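# Remarks on the overall topology
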Amino acid sequence: MSSDSAIGIHDLSFSTTEFVLPHTALAGHNGVEIGKYHLGIGQRSMSVAAADEDIVTLGATAAEPLIARHGTDRIRTVVFATESSIDQAKSAGVYVHSLLGLPSATRVVELKQACYGATAALQFAIGLVHRDPEQQVLVIASDISKYELDSPGEATQGAAAVAMLVGADPALVRVEGLSGLFTADVMDFWRPNYRESALVDGQESITAYLQAVEGTWKDYTEQGGRPLEEFSAFCYHQPFTKMAHKAHRHLLNTSGYDTDEGDIQRAIGQTTAYNAVVGNSYTASVYLGLAALVDQADDLTGRSIGFLSYGSGCVAEFFAGQVVPGYRDHLRTTEHREAIDRRRTLDYAAYRELHERSFPADGGDHPTPAQSTGPFRLAALRGHKRIYERR
Ligand code: CAA
């Protein structure tokens, strides 16, 4: 196949958690003026995982509709991207493989580089499909973001999983071969193995993200990428939706364009709807942006979309995709809205209790409270093993 052959995202589905905490409840607790959340960072609510939900149950729930629609015959690889991993050795993808009944003739692996992991997974998947266009790769990005209570990062928590079926002749988005790349060794956000919540230098992380925007775009341009005006929309990694706004303004600015507010809104406005109510879903966030865009925009057929994936630490990539004719027949707009609308609202005390929960590490038998109502649940931790159930 030539490097221009059509490979990309054939189908996309996302899931989110059982519970949601509105930012008004958080503001009620900490006395922050709600405008800081709604306007300053652009967040309305955050998805909160139930005691019996984790990255595996979210990932399996996101991927199940893809399997139901396309079957498993062509899937020979599952790549699970996460930065909220549950095990240092075993891939979370193996549990999902089991829950979904995928064939044993499958390779499964977990990938990590902060929020960039899913884009690495997508690019690796495209490489595999190039080698054998008959094969499809199931890419799952699943994360639960957790910061310390009463820290500045707390308002940017969230959780979601996106599952993408990557293959030849995709029905949604064809991914172009050319990418702009950027890596720099920075300590803007990290989570040592002994911690459940992330450590972050907030302002440093914003600066590092903006430098990565500049770096990827410079490389993309030097590689012979499309000019900025050819893009109809930009899907940015959204740790909070205002970050997409900051990123696009910076891109326009450093590329010598006017930073007109209307232009910024046209470029990113339709990509933020899901992230604003779900919160930071780390690896899944760029692709939640894509879901929001295709689910809401009138008609994007043939249009070019820019993707900017940023993972703290940091690695970033800019690439372009073209929306495929007929894509609207394959969307899951109703199911996506339902995944958001079905969440049950927590009050602050119930959220805090869930936040403070952690599994005992004694190897005993610890059933989890049955809180979630989705198709899969984490039933127990028994003898240091996670026990999952399908409903
Ligand atoms: N009405 C309207 N706006 C208000 C307001 C009010 N009443 N009060 C404050 N604001 C505005 C501020 O002016 C500010 O806007 P600008 O950034 O445009 O200046 C915005 O609200 C936020 O205010 P602060 O900067 O004072 O907020 P903070 O310091 O308490 O925290 C944060 C902000 C640093 C982003 C913090 O939430 C944080 O640490 N988040 C986690 C790290 C993060 O998400 N970093 C993003 C880049 S790293 C990345 O992308 C990887 C990843 O996923 C983590």
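Below is a short write-up of the structure. (Residues numbered from 1 in each chain as written. Predicted model: local features only at pLDDT ≥ 70, side-chain atom pairs only at ≥ 80, totals over all residues. Heavy atoms only, no water.)

Another aspect to go through is the layout of surface pockets. A volume near 740 Å³ is recorded for the second largest pocket. P152, G153, T156, G202 and F240 are, among the 36 residues lining the second largest pocket, the residues nearest its centre. Elements with a contribution of two residues or more to the lining of the second largest pocket: α1 (23-30), α2 (34-41), β10 (199-200), α6 (202-222) and α7 (241-254). Here the element with the most residues in the lining of the second largest pocket is α6; it accounts for five residues. Residues belonging to the lining of the second largest pocket are distributed by class as follows: 19 nonpolar, 11 polar and six charged. (1 Å grid on protein atoms, 1.4 Å probe; cavity = no way out; pocket = protein on both sides within 12 Å on 5 of 7 lines; lining within 4 Å. Points joined across faces, edges and corners; volume = space filled by probe spheres on them. Helix = DSSP H or I, 4+ residues; strand = E, 2+ residues; numbered from the N terminus. Nonpolar A, V, L, I, M, F, W, Y, C, P; charged D, E, K, R; others polar.)

Let us look at the sheet that holds strand β14 (residues 344-345). Taken in spatial order, the three strands of this open sheet run β3-β2-β14, and their pairing is mixed. Looking along the sheet, the strands with just one partner apiece sit at the ends: β3 (45-48) and β14. Where strand β2 (residues 19-22) lies against β14, two bridges are found, and the strand directions are parallel. Of the residues in β14, the one forming a bridge with V20 is T345. Against the sheet, α1 makes contact with β2 and β3, and its axis sits at roughly 55° relative to β2, the strand it touches most. (Pairing = 2+ DSSP bridges. Contact = heavy atoms within 4.5 Å. Axes fitted to C-alpha atoms, helices over the stretch in contact; angles between N-to-C directions.)

Quick look at the site of the ligand now. Lining the immediate surroundings of the ligand are 24 residues, of which K36, S205, H237, K246 and N280 lie closest. Q203 places a side-chain nitrogen or oxygen 3.4 Å from an oxygen atom of the ligand. For the ligand, an oxygen atom lies 2.9 Å from a polar atom in the side chain of N280. Out of a free accessible area of 1,100 Å², the ligand has 72% covered by protein chains. Under a 2 Å grid-point criterion requiring more than half of the atoms, the pocket assigned to the ligand is the second largest pocket. Sorting the residues of the shell around the ligand by element identifies α2, α6 and α7 as the ones contributing at least two each. In terms of residue class, the shell around the ligand is made up of 10 nonpolar, 10 polar and four charged. (Near = heavy atom within 4 Å. Polar contact = N/O pair within 3.5 Å; in protein donor to acceptor, adjacent residues only side chain to side chain. Areas by Shrake-Rupley, 256 points an atom, 1.4 Å probe, with all protein chains shown as cover. Sits in = over half its atoms within 2 Å of the grid points.)

By size, the foremost hydrophobic cluster in this structure holds 51 residues, and its most contacted members are L12, V166, Y287, L290 and F307. Look past the residues within four positions of L290 in its chain and what remains in contact with it is I9, L12, V173, C235, I305 and F307. Counting residues in hydrophobic clusters, the runner-up holds 44 residues, among them Y37, A50, M243 and A247. (Core = buried A, V, L, I, M, F, W, Y, C linked by side-chain atoms within 4.5 Å. Buried < 20%, exposed > 50% of the residue type's maximum accessible area, 1.4 Å probe, protein only.)

Turning our eyes to something else, we now look at the pairing of strand β17 (residues 385-390). In the sheet, strand β16 (residues 376-382) pairs with β17 via six bridges, with the strands oriented antiparallel. Counterpart to R377 in the pairing with β17 is E389. In this structure, the hairpin formed by β16 and β17 is closed by a connection of two residues, where G383 is found at a positive phi of approximately 60°.

Packed helix pairs are specified by the crossing angle of their axes together with the interaxial distance, meaning the distance between the axes. It is at 9 Å that the axes of helix α3 (residues 55-70) and helix α4 (residues 92-99) come closest, and there the two elements cross at 45°. Put simply, α3 runs oblique to α4. Judged by the sense of rotation from one axis to the other, the crossing of α3 with α4 is right-handed. Residues I55, V56, G59 and A60 of α3 form the contact with α4, whose participating residues are A92, Y95, V96 and L99. Among the residues making up the contact of α3 with α4, the classes are represented as seven nonpolar, one polar and no charged. (Parallel < 35°, antiparallel > 145°, perpendicular 65-115°, else oblique. Left-handed = near helix turned anticlockwise from the far one by under 90°.)

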